Amino acid sequence: MDAKVIVVTSGKGGVGKTTTTANIGAALAKLGEKTAVIDVDVGLRNLDVVMGLESRVVFDLIDVLEGKCKLNQALIRDKRVENLYLMPASQTRDKDALDPEVFKQVIDRLLNEEGFDRILVDSPAGIESGFKTAAAPAQGALVVVNPEVSSVRDADRIIGLLEAQQVGEIRLVINRLRPAMVASGNMLSEADMLDILGVKPIGIIPEDDGIIVSTNVGEPAVLGTSRAGQAFLDTARRIRGEDVPFAKFEDEQPGGFWARLRKLLGGV
């Protein structure tokens, strides 16, 4: 993706959007990009917890937007990954405190004054004001979707809104996929999702208990060796423009899910 500012969003909550933001942000930094991840889910604030940085929060996004602190005072540098920074959301304010135009100015300063290569914006789920603020400066979008009917339906609505806002690059991250369930017909296939959404995936993340562990301990999975962590790292490499094949998993059968996916995506 050419987009430097990428909003990570979803139609419904609970699909793994914040975990995706943390892991892809950490992976991009691990690959050498100076990366900022920004939590716009004002009033809840989970990205700092998923990244294990909650004890270091002093200032937040709303403090920056209201001029109560300097921009770099609200940026928390992750000591485990060089070039990875977090700007947390406020837990005590609501989304009415967000101003899309001021937020765009903050993003411009991060790019032009602080020299960030990539910015990931963790959007609140849904289509309210928080989403509109998060998407305002976005040049690209990652729509996180689970292979479930309700998730895909809501993602379709989000994609329409992103297109209306003229977000240039929109890609899917299919999260918590179980190939065995797809093969048995008990989970939506990649072909089903592409038929409905018309957007190709840039990442496919398998269901992995290691994600629960990494989230609970506040350490992105890309810093470990889990299947999901490797899938997130591969997704970051594709975002950077690398030609990375989708991984084979142990339950693949000849002509099964992963083989059909690679054929559908032109052999990637």
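Residues numbered from 1 in each chain as written. Predicted model: local features only at pLDDT ≥ 70, side-chain atom pairs only at ≥ 80, totals over all residues. Heavy atoms only, no water.

- As recorded in an unreviewed UniProt entry, the protein chain goes by the name Septum site-determining protein MinD, listed as coming from Deinococcus radiophilus.
- Check the Function (unreviewed entry) section of the UniProt entry for the protein chain; it says "ATPase required for the correct placement of the division site. Cell division inhibitors MinC and MinD act in concert to form an inhibitor capable of blocking formation of the polar Z ring septums. Rapidly oscillates between the poles of the cell to destabilize FtsZ filaments that have formed before they mature into polar Z rings."
- Word for word, the UniProt comment on the protein chain under Sequence similarities (unreviewed entry) is "Belongs to the ParA family. MinD subfamily." (UniProt positions renumbered as here; feature names shortened; annotations may be inferred.)

1. Quick word on the packing of aromatic side chains
Then, number 1: One pass over the full model with this rule turns up 1 aromatic pair.
Then, number 2: For the cation-ring pair, Lys-34 lies above Phe-116, with the distance from its terminal atom to the ring centre recorded as 4.7 Å.
Then, number 3: Between Arg-238 and the ring centre of Phe-246, over which it is positioned, the NZ or CZ distance is 3.9 Å. (Phe/Tyr/Trp six-rings, centres within 6.5 Å; stacked < 30°, edge-to-face > 60°. Lys NZ or Arg CZ within 6 Å of the ring centre and 35° of its normal.)

2. Examining the sheet that holds strand S8 (residues 201–206)
Then, number 1: The 8 strands lie next to each other as S3-S4-S2-S5-S1-S6-S7-S8, forming an open sheet whose pairing is mixed. The two strands at the open ends of the sheet, each matched to only one other strand, are strand S3 (76–77) and S8.
Then, number 2: Note that strand S6 (residues 140–145) and strand S7 (residues 169–177) share 6 bridges and pair parallel. Counterpart to Val-144 in the pairing with S7 is Val-173.
Then, number 3: Running over the sheet, helix H1 (residues 17–30) touches strand S1 (5–9), strand S2 (35–39), strand S4 (84–87), strand S5 (118–122), S6 and S7 and is turned about 170 degrees from S5.
Then, number 4: Relative to the sheet, helix H6 (residues 149–164) contacts S1, S6 and S7, its axis offset from that of S6 by approximately 170 degrees. (Pairing = 2+ DSSP bridges. Helix = DSSP H or I, 4+ residues; strand = E, 2+ residues; numbered from the N terminus. Contact = heavy atoms within 4.5 Å. Axes fitted to C-alpha atoms, helices over the stretch in contact; angles between N-to-C directions.)

3. A look at the packing of H1 against helix H10 (residues 227–239)
Then, number 1: Between H1 and H10, whose axes approach to 8 Å, the crossing angle comes to 65 degrees. Judged by the sense of rotation from one axis to the other, the crossing of H1 with H10 is right-handed. Touching Thr-19, Thr-20, Asn-23, Ile-24, Ala-27 and Leu-28 of H1 are Phe-232, Leu-233, Thr-235, Ala-236 and Ile-239, all from H10.
Then, number 2: Of the residues that constitute the contact of H1 with H10, the class distribution is 7 nonpolar, 4 polar and no charged. (Left-handed = near helix turned anticlockwise from the far one by under 90°. Nonpolar A, V, L, I, M, F, W, Y, C, P; charged D, E, K, R; others polar.)

4. Examining the pairing of S6
Then, number 1: In terms of burial, S6 is largely enclosed, as 6 of its 6 residues are buried.
Then, number 2: On S6, burial covers both faces: Gly-140, Leu-142 and Val-144 on one face and Ala-141, Val-143 and Val-145 on the other are all buried. (Buried < 20%, exposed > 50% of the residue type's maximum accessible area, 1.4 Å probe, protein only.)

5. Structural notes on the UniProt feature "binding site: ATP" (unreviewed entry) in the protein chain
Then, number 1: As annotated by UniProt and renumbered to match this structure, "binding site: ATP" (unreviewed entry) occupies Lys-12, Gly-13, Gly-14, Val-15, Gly-16, Lys-17, Thr-18 and Thr-19.
Then, number 2: Relative to the helices and strands, Lys-12 resides in the loop between S1 and H1.
Then, number 3: Along the chain, Gly-14 falls in the loop between S1 and H1.
Then, number 4: Since its relative accessible area comes to 64%, Gly-14 is described here as exposed.
Then, number 5: Setting aside residues no more than four positions away along its own chain, Gly-14 makes contact with Asn-146 and Arg-176.

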